[in-house]
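Chain residues, written in single-letter form:
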Amino acid sequence: MKPDEARRFLVGQLGLTAPQPRSGALGVRALLKALRCIQLDPLDVIGTNADLVALARVDGLERGDVYRHLLPGHAFEHFAKERCLLPASAFPYYREQAAARVPWKSLEERLRRVPEPVLRAVLAEVTARGPSSPRDLTDHGAVVPIDWSGWKGTARATAMALEVLWARCEVVVCGRVQGGKLYDVPHRALPRMAGAATKHAFERWALLERVEAAGLLSRASGPHWSTLSRVRTSTLPDELVREGALEEVAVSGSPRRYLAPRGFLRREFPEPDARMRILGPLDPVLWDRELVRVAFGFDYIWEVYKPPALRKWGWYVCPLLHRGQLVGRLEARVRDGELRVDNLWREPGVKLDDAALDEALARHAVACGARLARRPRARVAS
């Protein structure tokens, strides 16, 4: 498979050739169904990553609409490609497998900190109350927070109990409010799916879903596998290839082999439109940075967790997609009611379409409820 073929397939498969046919709430719901998952990140610089994924593909949205239109009833949160929004139809699989596949090494530590009677009490209170934040519930005292390399989790027993119950799918996130999440029991938040049965074993279903979500899933280890790392090294990928449920392909310029959906080369997508798109750092088209380098000729590093002195580009830098190509990157923030572009780069040999860029920034400013400040001229990326 040639790199340009891989690029065209990825752009089409991941919904970046034209806006979703439906806008607003219906568009977001159709998008989640098509993408299988939308990766979450708490940082909200010009919208969260979930906002950026949706705004690049669906018209008629404002910052935060991705949550408002999906929760509750149409989606839930759990681990897929890290923590994600997942369609409600996936819940029966997660409910059956939750305890066995939660990727927290510290889950046992949480269970040591939060006794079972507290878990049962918190679950009973949420069941009785309905949608609740941790602060709405009875205070069960303090716990020693979990420490992840200097980042500390909650020190409240009630909040930690909700984390455990969420991991077990005994409660689900049913909304987001200022300062946190709302939790409810599945039979209220996901009434159509709370009692539904699964059709396949979790691992088979999840791998087929992940390949559809990635477009091309490298068989090499990496964050694109995330919670399916054990599946990667099992016999299942080869079994699905032999069955014809998946295909295995190579991309010129890469030593890796990739899993692709069955019949992927026969799928038809429209030609990329003239709209420029600002991509979130965790957009599915960017999951596999090596594949991005080979298929798009674009080296992307998300440097948000790097010390400032070690950053090449900046803290929160987003790629720009235009006519199916990654043509540049920008660093921007919403500050004091303005969308301000602090830095703008174009790829070597690329002349940025100024009109398309200005239209993209104007759309984004409207979605963020902000004024658009004057942007700098693009520098050549080096």
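Here, the structure is the one placed above.
Keep in mind it's a predicted model, so treat the numbers as computed, not measured.

Conventions we followed
Residues numbered from 1 in each chain as written. Predicted model: local features only at pLDDT ≥ 70, side-chain atom pairs only at ≥ 80, totals over all residues. Heavy atoms only, no water. Axes fitted to C-alpha atoms, helices over the stretch in contact; angles between N-to-C directions. Helix = DSSP H or I, 4+ residues; strand = E, 2+ residues; numbered from the N terminus. Parallel < 35°, antiparallel > 145°, perpendicular 65-115°, else oblique. Contact = heavy atoms within 4.5 Å. Nonpolar A, V, L, I, M, F, W, Y, C, P; charged D, E, K, R; others polar. 1 Å grid on protein atoms, 1.4 Å probe; cavity = no way out; pocket = protein on both sides within 12 Å on 5 of 7 lines; lining within 4 Å. Points joined across faces, edges and corners; volume = space filled by probe spheres on them. Buried < 20%, exposed > 50% of the residue type's maximum accessible area, 1.4 Å probe, protein only. Lys, Arg positive; Asp, Glu negative; His and termini not counted. Salt bridge = Lys/Arg side-chain N within 4 Å of Asp/Glu carboxyl O. Phe/Tyr/Trp six-rings, centres within 6.5 Å; stacked < 30°, edge-to-face > 60°. Lys NZ or Arg CZ within 6 Å of the ring centre and 35° of its normal. Polar contact = N/O pair within 3.5 Å; in protein donor to acceptor, adjacent residues only side chain to side chain. Pairing = 2+ DSSP bridges. Expected span 1.5 Å × (residues − 1).

(A) Just the packing of helix α10 (residues 202-214) against helix α12 (residues 236-243), in detail. Where α10 contacts α12, the axes come no closer than 11 Å and their chain directions differ by 70°. When the interaxial angle is binned, α10 and α12 end up roughly perpendicular. Touching Glu203, Arg204, Leu207 and Leu208 of α10 are Leu236, Pro237, Leu240 and Glu243, all from α12. Per-class residue counts for the contact of α10 with α12 are 5 nonpolar, no polar and 3 charged.

(B) Examining the packing of helix α7 (residues 116-129) against helix α8 (residues 157-167) more closely. It is at 9 Å that the axes of α7 and α8 come closest, and there the two elements cross at 85°. When the axis of α7 is compared with that of α8, the two are roughly perpendicular. Contacts between α7 and α8 involve Val118, Leu119, Arg120, Val122, Leu123 and Val126 from the former and Thr158, Ala161, Leu162, Val164 and Leu165 from the latter.

(C) Representation of the layout of surface pockets within the structure. Empty space within the second largest pocket amounts to approximately 600 Å³. Along the wall of the second largest pocket there are 23 residues; nearest its centre are Lys33, Pro87, Ala88, Ser89 and Met193. Elements represented by at least two residues in the lining of the second largest pocket include exactly α2 (24-35) and α10. Element by element, the count of residues in the lining of the second largest pocket is highest for α2, at 5 residues.

(D) Quick peek at empty space enclosed by the protein. This model, assessed by the stated rule, comprises 2 cavities of 30 Å³ or more. Ala80, Leu86, Tyr94, Glu209 and Arg210 are the residues nearest the centre of the largest cavity, which is lined by 15 residues in total. When the residues that make up the lining of the largest cavity are grouped by side-chain class, the tally is 10 nonpolar, 1 polar and 4 charged. Empty space within the second largest cavity amounts to approximately 70 Å³. Lining of the second largest cavity is provided by 13 residues; of these, Ala214, Leu216, Pro284, Asp288 and Leu291 occupy positions nearest its centre.

(E) Broad picture of the side chain of glutamate 125. Assignment of secondary structure puts glutamate 125 in helix α7. The buried charged residue glutamate 125 lacks any salt bridge partner; its closest oppositely charged side chain belongs to arginine 129, at an N-O distance of 4.9 Å. Sequence-distant contacts of glutamate 125, that is, excluding residues within four places in its chain, are made with Asp136, Leu137 and Thr138.

(F) How the structure looks around the packing of aromatic side chains. If you walk through the whole model with that rule in mind, you get 14 aromatic pairs. With a centroid separation of 6.1 Å and 85° between ring planes, the pair formed by tyrosine 94 and tryptophan 205 is classed as edge-to-face. On the criterion of sequence distance, the pair formed by tyrosine 94 in helix α5 (residues 91-101) and tryptophan 205 in helix α10 is long-range, its members being 111 residues apart. Here arginine 83 stacks its cationic end above the ring of tryptophan 166, 3.9 Å away from the centre of that ring. Positioned over the ring face of tryptophan 313 is arginine 329, at 4.1 Å from the centre of the ring.

(G) Main features of the side chain of threonine 227. With respect to the secondary-structure elements, threonine 227 resides in the loop between β8 (217-218) and α11 (229-232). A polar contact is formed between the side chain of threonine 227 and the backbone oxygen of alanine 80, at a distance of 2.8 Å.

(H) Main features of the pairing of strand β9 (residues 246-250). Pairing geometry for β9 and strand β10 (residues 257-261), over 5 bridges, is antiparallel. The partner of leucine 246 across the bridge, within β10, is proline 261. Joining the antiparallel neighbours β9 and β10 is a turn of 6 residues, in which glycine 253 adopts a positive phi near 95°.

(I) Structural view of the sheet that holds β8. Sheet architecture is open: 3 strands sit in the order β8-β10-β9, paired in antiparallel fashion. Edge positions in the open sheet fall to β8 and β9, since each of these has one partner strand only. Bridging between β8 and β10 involves 2 bridges; their strand directions are antiparallel. Looking at β10, one finds that serine 218 is bridged to tyrosine 258.

(J) Region of the structure containing the environment of alanine 309. Within the element layout of this structure, alanine 309 appears in the loop between α13 (289-296) and β12 (317-322). The exposed category is assigned to alanine 309, whose relative accessible area is 76%. Along the backbone, alanine 309 and aspartate 283 are 26 residues apart, and their C-alpha atoms lie at a distance of 26 Å.

(K) Inspection of helix α14 (residues 354-367) at higher detail. With 14 residues, α14 should reach 20 Å at 1.5 Å per residue; the first-to-last C-alpha distance of 20 Å fits that figure. For α14, the set of buried residues is Ala356, Leu357, Ala360, Leu361, His364, Ala365 and Ala367. Contacts made by the buried residues of α14 are with α3 (49-55), β11 (276-278), β12, β13 (325-335), β14 (338-346) and β15 (371-372).

(L) Looking closely at the pattern of salt bridges. Enumeration according to the criterion identifies 30 salt bridges in this entry. Across the pair lysine 306 and glutamate 303 runs a salt bridge whose closest N-O atoms are separated by 3.8 Å. Residue classification places glutamate 303 among the buried residues on the basis of a relative accessible area of 2%. The partner of glutamate 338 in a salt bridge is arginine 371, and the shortest N-O contact between them spans 4.0 Å. A residue pair is termed long-range when its members are at least 10 positions apart, and glutamate 338 in strand β14 and arginine 371 in strand β15 qualify at 33 residues. Within the structure, one salt-bridge network assembled from shared partners comprises Glu116, Arg120, Arg168 and Glu170.

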